[in-house]
Amino acid sequence: MDLLKILSRGTKKTTNSVSAPPPSSKPANPQLYHDPTRGLKRKRNEEALDVATTDDAHEFDFFAAPDPVETRAKETEQPKATKPQPKTEEVQLLDQDEVRQVLRSHRLKFTLLSKHEEAKLKVKKSKKKEQPKPKSKDAKLSLYPQPLTSFTDLRNAYKISPRLVENLAKQGFRLPTEVQLGSLPLLIDPKTALKNSESDSVKLGDDEAINFLAVAPTGSGKTLSFLIPTVNAILKRRAGSGKPEGHVLEALVIAPTRELAHQIVREGQKLAAGTGVKIVGFKKGMRLPTEDGVENLDEDSNEDGDDSAASEDDEESDASETPKSDGPITKADIIVTTPMLLLNFLTKKGSARKTLPHVRSIILDEGDVLLDELFRDQTMGIVSCCTNESLRFSCWSATMGSNIEALLLEKFGQTESASVVPLVRLVVGLKDTAVPSVNHHLIYTGDNERGKLYTLRQLLHPNSSNSSTTIPEMGLPFLVFVQTVERASSLYEELKFEFPAEAGGSTRIAALHSNMSESARSKIIARFRANEIWVLITTDLLMRGIDFRGVNGVINFDLPTSAAAYVHRVGRTGRAGHEGGVAVTFYTKEDIPFLKNIANVISLSEKQAGKEDGIPKWLMDALPKVQKEDKKKLKKKGVESRRGNKAEITTKSAWEKRRENNRKGAIAGSKKRKIENRGDDSDGGNSEWGGLDG
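Keep in mind it's a predicted model, so treat the numbers as computed, not measured. (Residues numbered from 1 in each chain as written. Predicted model: local features only at pLDDT ≥ 70, side-chain atom pairs only at ≥ 80, totals over all residues. Heavy atoms only, no water.)

### Topic: the overall build of the protein
- Within the protein, the regular secondary structure consists of 24 helices and 17 strands.
- A total of about 37,400 Å² of accessible surface is found on the protein, and carbon and sulfur atoms cover 51% of it. (Helix = DSSP H or I, 4+ residues; strand = E, 2+ residues; numbered from the N terminus. Areas by Shrake-Rupley, 256 points an atom, 1.4 Å probe, with all protein chains shown as cover.)

Put into structure tokens, the structure is as follows:
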């Protein structure tokens, strides 16, 4: 019977259809990069090739002798299967070669930014032994911590809360993404993560925690990466103190916009369900458990006319009344807030500055913008109000400039103190590049704005007769980014009747910007998530952090103000490994002087994804280099031609606008005269007949 089974097999191995995942909207593999051959040495490749050839030969020669390599592998695996688990449940860690291979296959690079003495000695020793090329004096030490291969290892190897593991399983998380694979072991248990590493001499503090900087692509699971360690640390401290009940504010999560803060709260509450950890979004009028500190700081709000992702919450909080001092104190373990809203509470005018003595963790989501010039004073003002000696810091973003890293190193990587906390940086893939699952397109729309509308209408109606082969296919829903609030409103008025009434008409298109109230913005986002809105026109308000997993594409109607802005905009599609996301960027003759930065990002992103059909070389060579002064102007104000009176988006000529305006004026004048005539008739009647008493 066994012989018949063997002879019935084909000479080629077939895949197991049972193990194939069923079709679903959620991808089976959320990882962006995984090349098992990347990082392998030549000897290992040759050995793998030999094993493959011998396996094929044995598959054909059914009576051949067993392969010694295979028997050795079975002998090494047999004790692991039969060996009982020890009572101490010691962690089975990977050796250094295995760790390096896993990290390299997933394109993870860890660097120790803080200058420990041990790191300096390690670099010097490596220079003497290997004698590599001369490095700069500020050469950083590479780290190789243990990776996380499965979420089940969080319970087995790192002893996190069982309820956290259950909540992760309920939400369908099985395979960690790259940023989760690299960051979770190091944030949950740095001592264990660095145990078998060559960098095990790195000093850890008494609480065995680190300061952390993560640069990972958009949609790669950064929110879960900082929420899991934060919630688990609170549960661990509660168990150690013997006080399972009661809420103490131990963590702050700072985000640049209200929309992103609401999203973090929503994801955190799902993760912490049933654990007793309370996550609250900070709002106006709330009070936190604080202590009076030094005299008040003079913090001036940075109100700007631009509609950037970092200005809306400040304007509303500055215009609001100061929180009531007699309200109840909000009891929470984790507070999620925008920077100016919390700083206004801590530095209320006319009173001493308040401090948060129990906060042990500060998390900056989209940290590059929070530490940029627009928000730096506000963010660092909150940091200065957190006085706990065990304060730890983490910063997360898809883009990170060298100036931000230098600021973090200066603030959190001092070498004078003996108890310095390591500052570790994790980079996933190449810095400042888009996710590999997005297809990029640059489309020239002519010399003026009118060509953009024509091209956008071809994307809205791909089956129309005027569709072109140069226009990519893009399914609904998708996002349309413009430069200013005025242009968002103008484009909405131009497109709101594009869909027929049978398909929903104007309800399928909406605009979202900072001039809208918080409730109106929340309703539009909810409708967009529910697929009731198919085309959402917005400013850079929604370019950071917002998770719209059903978005099929992003259209840059107006050129992004920087390469980082492009990365974050197009990151609203192709999230969590979803394939088929499309990013289309319109450009006119006025955009060509600023297009080089965007083209470089697209070229690097497609090169990293292994795509050959990228931007043509002739176009890259023809584009002019962007000067530093022009970069600064573009980042602050955008393209000059799309500000002021020129910001209106329309296909109508000046003569058509004038005729329509005259027609509207004539209609309004006619209505006014009719009302006046009616009023004269009634008044005249009343004056001639004074009533019964007249």
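### Thoughts on the sheet that holds strand β1 (residues 108-112)
- Ordered in space as β2-β1-β11-β3-β10-β9-β4-β7-β5, the nine strands form an open sheet in which the pairing is mixed. With partners counted over all chains shown, the strands left at the sheet margins are β2 (141-143) and β5 (279-281), one partner each. Between one strand axis and the next, the sheet turns by 20° as a mean value, whatever way the strands run.
- Looking at chain direction, β5 and strand β7 (residues 334-337) are connected through three bridges and run parallel. Residue pairing in the sheet places V280 in a bridge with I335 of β7. (Pairing = 2+ DSSP bridges. Axes fitted to C-alpha atoms, helices over the stretch in contact; angles between N-to-C directions.)

### So, helix α20 (residues 563-570)
- Burial within α20 is extensive, with six of its eight residues counted as buried.
- Those residues of α20 not exposed but buried are A565, Y566, V567, H568, R569 and V570. (Buried < 20%, exposed > 50% of the residue type's maximum accessible area, 1.4 Å probe, protein only.)

### As for the confidence of the model for the protein
- On average, residues of the protein carry a pLDDT of 78, and 71% of them reach 70 or more.
- Low pLDDT, under 50, characterises residues 42-88; the predicted model gives this stretch 18 contacts beyond four residues in sequence or across chains. (pLDDT = per-residue confidence, 0-100. Contact = heavy atoms within 4.5 Å.)

### Description of the side chain of R392
- Secondary-structure assignment places R392 in strand β10 (residues 392-397).
- Residue classification places R392 among the buried positions, given a relative accessible area of 13%.
- Discounting chain neighbours no more than four positions away, the residues touching R392 are D207, A209, I210, N211, R360, S361, I362 and V421.

### Details of the environment of L235
- Residue placement: L235 occurs in helix α10 (residues 222-241).
- Residue classification places L235 among the buried residues on the basis of a relative accessible area of 16%.
- A C-alpha to C-alpha distance of 7.4 Å links L235 and S161, two positions 74 residues apart in sequence.
- Contacts of L235, omitting those with residues within four sequence positions, involve S161, L164, T275 and V277.

### Section: the pattern of salt bridges
- The full count for this structure, using the stated rule, is 25 salt bridges.
- For E532, the salt bridge identified is with R527, shortest N-O distance 3.5 Å.
- E532 gets classed as partly exposed once you look at its relative accessible area, which sits at 39%.
- The partner of R642 in a salt bridge is D558, and the shortest N-O contact between them spans 3.7 Å. Of the two residues, R642 sits in the loop between α23 (628-637) and α24 (654-688) while D558 sits in the loop between β16 (553-556) and α20, which places them 84 residues apart along the sequence.
- When salt bridges that share partners are traced, they join E449, K452, R487, D558, D591 and R642 into one network. (Salt bridge = Lys/Arg side-chain N within 4 Å of Asp/Glu carboxyl O.)

### A closer look at the nonpolar core
- By size, the foremost hydrophobic cluster in this structure holds 98 residues, and its most contacted members are F110 and F212.
- If you tally residues by element for this core, the top one is α10, at seven residues.
- Residue assignment places this core across two domains, with domain 1 (96-114 + 140-290 + 329-428) and domain 2 (439-461 + 471-642) each supplying three or more.
- Apart from residues no more than four positions distant in its own chain, F110 is found in contact with L103, L141, S142, L143, P145, G182, L186, F212, V424, R425 and L426.
- Membership of the second largest hydrophobic core comes to 41 residues, among which are L341, V369, M400 and F412. (Core = buried A, V, L, I, M, F, W, Y, C linked by side-chain atoms within 4.5 Å. Domains from an automatic or database assignment.)

### What about unusual backbone geometry?
- The omega angle of the peptide bond from L476 to P477 is 0°, so this bond is cis rather than trans.
- Of note, P477 is situated in the loop between α17 (450-460) and β13 (478-481).
- Positioned with a positive phi, E366 is a non-glycine residue whose angle comes to about 60°.
- Residue placement: E366 occurs in the loop between β9 (361-365) and α14 (367-370).

### Some details on a positive patch on the surface
- Together, K628, K631, K632, K633, K636 and K637 give the surface a local cluster of positive charge.
- You can see K632 is positioned in helix α23. (Patch = residues over 30% accessible without salt bridge, like charges linked within 9 Å, V, L, I, M, F, W, Y side chains within 5 Å. Lys, Arg positive; Asp, Glu negative; His and termini not counted. Charge placed at Lys NZ, Arg CZ, Asp CG, Glu CD.)

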